[in-house]
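# Reading the structure
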Number of protein chains: 2
Amino acid sequence: MAVTIKDVAKLAGVSPATVSRALSMPDLVRPPTREKVQRAVAELGYQPNPTAQGLVLGRTGNLGLIVPDLTNPFFPAVVKGVQTRARDFEYSVFLADANEDPVEEAALVRALTKQVDGILLCAPRMSEDDLRALVGATPLVLINRRSGRIPAVTIDNLAGVRQAVSHLAALGHRRVAYVAGPRASWSNRERVRALRGAAAAQEVDLVEVGTVAPQFAGGVAAADLVLAAGVTAVMAYNDLIALGMLSRFTDRGIDVPGQISIIGFDGIAMAEMVSPPLTTVAQPQDQIGRVGVDLLLEIMRSEDPAVARRRELPAQLMVRGSTGVPGPVD
Amino acid sequence: MAVTIKDVAKLAGVSPATVSRALSMPDLVRPPTREKVQRAVAELGYQPNPTAQGLVLGRTGNLGLIVPDLTNPFFPAVVKGVQTRARDFEYSVFLADANEDPVEEAALVRALTKQVDGILLCAPRMSEDDLRALVGATPLVLINRRSGRIPAVTIDNLAGVRQAVSHLAALGHRRVAYVAGPRASWSNRERVRALRGAAAAQEVDLVEVGTVAPQFAGGVAAADLVLAAGVTAVMAYNDLIALGMLSRFTDRGIDVPGQISIIGFDGIAMAEMVSPPLTTVAQPQDQIGRVGVDLLLEIMRSEDPAVARRRELPAQLMVRGSTGVPGPVD
DNA sequence: TTGAAAGCGCTACCAA
DNA sequence: TTGGTAGCGCTTTCAA
């Protein structure tokens, strides 16, 4: 076994209580004593056992983070934000990947619940019922989703979509397709709703070509449908889908943006790396993570569940090479 | 506070000891008693407190995983493998991202050490000294690195590099550049070594154009140097660098593979999504994670540090569109 | 087969 | 300012 507080106490010639105090409330102990303890700690290389601390303090010092799919570059960026901020407050983070499976999401939360002081949950398709069951079990912050009065950090989907539609309208596009993400996804529903409003307001015809997996392959599959829809521009639920379309267009010899313009959503790093670079509605990914942690800590500290705590972060259209004025329609 | 073992005991009309036994060694308790307990557990929704269990059992049920940069798609894939396998054995995993910083790597390991039963460490540039200091503190498995007798899972860099060089030689390339990753990286050193050997054996001139960050931007920067080196093909330390070069070549109007062939390393998903798709030496990313967990558990179980446990996984060249026969040299 | 009780390592209360 | 001690929730002897 490792060195315990008793070993330190013995070596320093004080009681375990004093060692504990010297470490956690140093000014309650006389300087000479404090130094004795510090020397003993250093000599023995003592580190408090977090499990024991956790047991007596009733807190673990851990945060849980659940994401749908780490393979989508959007989430690693969020994870990094969470980690950074969590470390600032000396929290460690449990990460769990739900593999895009609502059932796993719920199971993971349940498993994590006992191990952490709070959970950051990015579970776009978990049922509202499952969600409600979770709340109250542990402090919880939703990421990119809202539900009832559960604390949440989201982005301004409405503004993001509006910027995108205005951009296309200003370029002269009059007929635009939307390739949807998972039907159950909160973000997707929000974006569709915003899109319909914005399209109507800007007198743009909106063609909803259906739902695909929020992945590159989904975009590849959608590309041909989009082409058949006779539009001059297409917006995608996320960047991965947009990138898949771009790739398929390139393969089919369709010029982007000459023959069709593409707008993605998320602002993942990869969007800048393709050619042409992808115009996209960027989310502040690491900020989402950081703010999520802040919110969670706030909740954990002041356990007043009455106030619904929410943060809405801005979305920003990044205009890049994949959008341009519409070419002549064939 | 949540429901404890005492609550269950009271409701079931037995002692806490019996509840504990009924749960963890069911056949030591008479069936009728067992059922009473189970009913009480169900009614109260009791779940054992893992912290308390951890304290008495001396194990946490957690694994730690440290990666250099979650933003490199290679690592999320490894992380997924780790998670999957860990979950099979009812372990949770702490994930920490070291931000490509050797100092942070060491600090993270130290912080994690007390919280987990074992650590999977992917720290390509941590100094050997730091590494040695860690070993012994906690069961440890190195990922993509070898050091002394520390257990490790690596891939067969030598075979991978050989396949790549043979491929280029077979296509007729006689002068090939290598864009190196971090000088301190174990994998990079291995690959350079293998490359020199393979190039000599295949009578290929090797031009080492220097070291860049193992990221897209590094590749962009390297591309112009490569072009100036008068080679017909280039190999990169990893796919991100290769992708950066590809992008820069495209921007400069250089045809790939017409004017220059590119080979990456890692086999990240993105490599297939660009155009032309990237020829690359693929690592079995999720398998690396899974095998790492297996190895770690093995070590944790049989604490016989005498045997050096290692796994070397195969690397496989994926021939795709970014390599072809060399064009006429200008 | 079951229960009483000790104790994992630590913190915090109460006394001294 | 310090020490003794109870107890966090659980498991596991040791006895009954």
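- An unreviewed UniProt entry annotates chain A as LacI family transcriptional regulator originating from Krasilnikovia cinnamomea.

## A word on the protein's contact with DNA strand C
- Around DNA strand C there are 24 residues in total, and Ile5, Tyr46 and Gln53 of chain A together with Thr18 and Thr33 of chain B lie nearest to it.
- Thr18 of chain B has a polar side-chain atom sitting 2.4 Å from a phosphate oxygen of DNA strand C.
- The contact in question runs from a base oxygen of DNA strand C to an N or O atom on the backbone of Val56 of chain B, over 3.4 Å.
- Those elements that place two or more of their residues in the surface near DNA strand C are helix H2 (16-24) and helix H4 (50-57) of chain A together with helix H2 (16-24) and helix H4 (50-57) of chain B.
- Ranked by the residues each element gives to the surface near DNA strand C, the list is headed by H4 of chain A, at 4 residues.
- Among the residues making up the surface near DNA strand C, the classes are represented as 14 nonpolar, 7 polar and 3 charged.

## Concerning the relation of the copies chain B and chain A
- With an RMSD of 0.2 Å, the fit of chain B onto chain A corresponds to turning through 180 degrees and sliding 0.1 Å along the axis. On the angle and the small slide along the axis, the relation comes out as a two-fold axis. Considering only C-alpha atoms, the part of chain B nearest the rotation axis is Phe94 of chain B, at 2.3 Å.
- Both copies present the same face, since 95% of the interface residues in chain B are matched by interface residues at the equivalent positions in chain A.

## Quick look at the UniProt feature "domain: HTH lacI-type" (unreviewed entry) in chain A
- Mapped onto this numbering, the UniProt entry gives "domain: HTH lacI-type" (unreviewed entry) at residues 3-57 of chain A.
- Strand forms 0% of residues 3-57 of chain A and helix 71%; the C-alpha atoms that close the span are 20 Å apart.

What counts as what
- Residues numbered from 1 in each chain as written.
- Chains lettered and ligands numbered in written order.
- Predicted model: local features only at pLDDT ≥ 70, side-chain atom pairs only at ≥ 80, totals over all residues.
- Heavy atoms only, no water.
- Near = heavy atom within 4 Å.
- Polar contact = N/O pair within 3.5 Å; in protein donor to acceptor, adjacent residues only side chain to side chain.
- Helix = DSSP H or I, 4+ residues; strand = E, 2+ residues; numbered from the N terminus.
- Nonpolar A, V, L, I, M, F, W, Y, C, P; charged D, E, K, R; others polar.
- Least-squares fit on C-alpha atoms with pLDDT ≥ 70 in both.
- Contact = heavy atoms within 4.5 Å.
- UniProt positions renumbered as here; feature names shortened; annotations may be inferred.

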